Amino acid sequence: MRIRLKLLILLLMIAMVPLMMVTWFDLGAARRLGLELSDRAREVLERRARESLLASVRDSAKLLRKESKLLETAARLQAQAVAQVLTSPVLASGEEGGRIAVQPSRDAGEKMRVRLGQLVPTLVQLREDYAPVALWQRIRLEDGTTAVYPAHPDALAAEVGAVPPWYSRVRQVRELVHEQPHTGAFTGIPIITIAAPVLGTRGEFLGAAAIDVPVGELLGTASDEPGKPTHVLVIVPNSDTAAERGMRIAAERQGDRIVASGESVLAAEAPGLDEVLTDMTAGRSGARWVLFKGQETLWAYA
């Protein structure tokens, strides 16, 4: 009886060995399968996040380019209208002349105020047709005359004195220019200035006409729904030195607000940014991971 019991125990032990092996292999396979499924799910989610983010950025970029073309057209037409009133007989501007703030130079006198007052209907029409997002429509002439529409004495005062960068650039290149995002002297909000030269009948430089656009109006094309990506406006400086290669964040959306930033991000301090810069310089869109402020951040660009 004892021998039979011992044999039975022995047989059970022998039978348990393959059972335990099978169980061990099953647990290992299940663990490996779980890890593999987890990796695949992570890859799928990341791919979907990339596609969604890139599609959103491309849509915003498309709208921004369209808006930019309209603003460029408005600036050119505004400059042509200024040139026309400067070379035409002086006419009474009527009550509408009070809607544009003019600071004529000492030499130009009050006749220049009347001349530029004739522009009001044209400026109104340009704003309605091409530039509804415009903040100010500005005029600056070589004799020192300045004007701002809509009329606002404080906005005009901010123009009087130092020559603004956009005017210097237009005078130098004699063609349409885009000024980098900067903080408006009067409003204190980030703006972009698009300016065109005012040329005389013989091509001589008479001045420039400009349109100021709040960055917030441009970034307003981006969705601010919860969970949507933060849209930022960045400038890529043309730097030949590796040490200075990087981006400057001009403005960014924080909830419902657009705030100026001015923060610089160097490629040497943000792994992954160099590839982003290479793509953007070549006109390519994409989405890449960048180590930004110590965190892996997905950057989409177009």
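The rules behind these values
In this convention, every chain numbers its residues from 1, walking through the sequence in written order. Selection of residues for local features in this predicted model requires a pLDDT of at least 70, selection of side-chain atom pairs for listing and counting requires 80 or more, and totals for whole chains, interfaces and linings are taken over all residues. Computation of side-chain values: all heavy atoms of the structure, hydrogens and water removed. Only rings of Phe, Tyr and Trp enter the pairing, Trp through its six-membered ring, and a pair is recorded when the two centres are within 6.5 Å. The plane angle decides the type: under 30 degrees is stacked, over 60 is edge-to-face, the rest tilted. With a 1.4 Å probe rolled over the protein chains alone, any residue whose accessible area is under 20% of its type maximum counts as buried; one over 50% counts as exposed, and the rest are partly exposed. Definition used: whenever NZ (Lys) or CZ (Arg) falls within 6 Å of the ring centre and also within 35 degrees of the ring normal, the charge is taken to sit over that ring. One bridge is not enough; two strands pair if DSSP finds at least two bridges between them. Counting from the N terminus, the helices are the DSSP runs of H or I reaching at least four residues and the strands are the DSSP runs of E reaching at least two. Any pair of N or O atoms that falls within 3.5 Å is considered a polar contact. Within protein, one atom must be able to donate a hydrogen and the other to accept it, and sequence-neighbouring residues count only if both atoms are side-chain atoms. We call two residues in contact whenever any of their non-hydrogen atoms come within 4.5 Å of each other. Criterion for a salt bridge: a side-chain nitrogen of Lys or Arg within 4 Å of a carboxyl oxygen of Asp or Glu.

S.K.: How would you summarise the packing of aromatic side chains if you had to cite specific residues and measurements?
M.R.: Overall, the coordinates contain three aromatic pairs when judged by the stated rule. Summarising the aromatic geometry, the rings of Phe292 and Trp299 are spaced 5.5 Å apart at their centres and angled 80° between planes, so their arrangement reads as edge-to-face. Exposure class is identical for Phe292 and Trp299. Each is buried. The structure contains a cluster of three or more aromatic residues connected by ring pairs, namely Trp166, Tyr167 and Phe205. Sitting over the face of the ring of Tyr167, Arg140 holds its NZ or CZ atom 5.8 Å from the ring centroid.

S.K.: So what's going on with the pairing of strand E10 (residues 286-292)? Residues and values would help.
M.R.: Bridging between E10 and strand E11 (residues 295-301) involves seven bridges; their strand directions are antiparallel. Residue pairing across strands places Trp289 opposite Leu298, the latter belonging to E11.

S.K.: Could you give an account of the pairing of strand E5 (residues 190-199), naming the residues involved and the relevant values?
M.R.: Among the 10 residues of E5, nine are classified as buried, and the element is accordingly described as predominantly covered. Here strand E4 (residues 177-183) runs beside E5; their pairing, made up of five bridges, is antiparallel. By the bridge assignment for E5, Thr183 is matched with Pro190. The turn joining E4 and E5, which pair antiparallel and follow one another in sequence, is formed by six residues; a positive phi near 75° is taken by Gly188. Bridge count for E5 against strand E6 (residues 205-214) is nine bridges, and the pairing is antiparallel. Pairing of Ile192 across the sheet is with Val213, part of E6. The hairpin turn running from E5 into E6, its antiparallel successor, is five residues long, and Gly203 in that turn takes a positive phi close to 85°.

S.K.: Residue-level account of the side chain of Asp279, with values.
M.R.: By the element assignment, Asp279 lies in helix H7 (residues 273-281). Under the relative-accessibility criterion, Asp279 is labelled buried at 7%. Polar contacts involving the side chain of Asp279 include one to the side chain of Tyr301, which spans 2.6 Å. Sequence-distant contacts of Asp279, defined by excluding residues within four places in its chain, comprise Arg284, Arg288 and Tyr301.

S.K.: Explain the pattern of salt bridges to me, using residue names and the numbers behind them.
M.R.: Where charged atoms from two side chains of opposite charge come close, those side chains can pair. Throughout the structure, instances matching the rule amount to seven salt bridges. The partner of Arg169 in a salt bridge is Glu179, with the nearest N and O atoms 3.7 Å apart. Here Arg169 is found in helix H5 (residues 165-173), whereas its partner Glu179 is found in strand E4, with 10 residues between them in sequence. Judged by its relative accessible area of 35%, Arg169 falls in the partly exposed class. Notably, a salt bridge pairs Asp279 with Arg284, separated by 2.9 Å at the nearest N-O pair. Looking at Arg284, the relative accessible area reads 44%, which means it is partly exposed.

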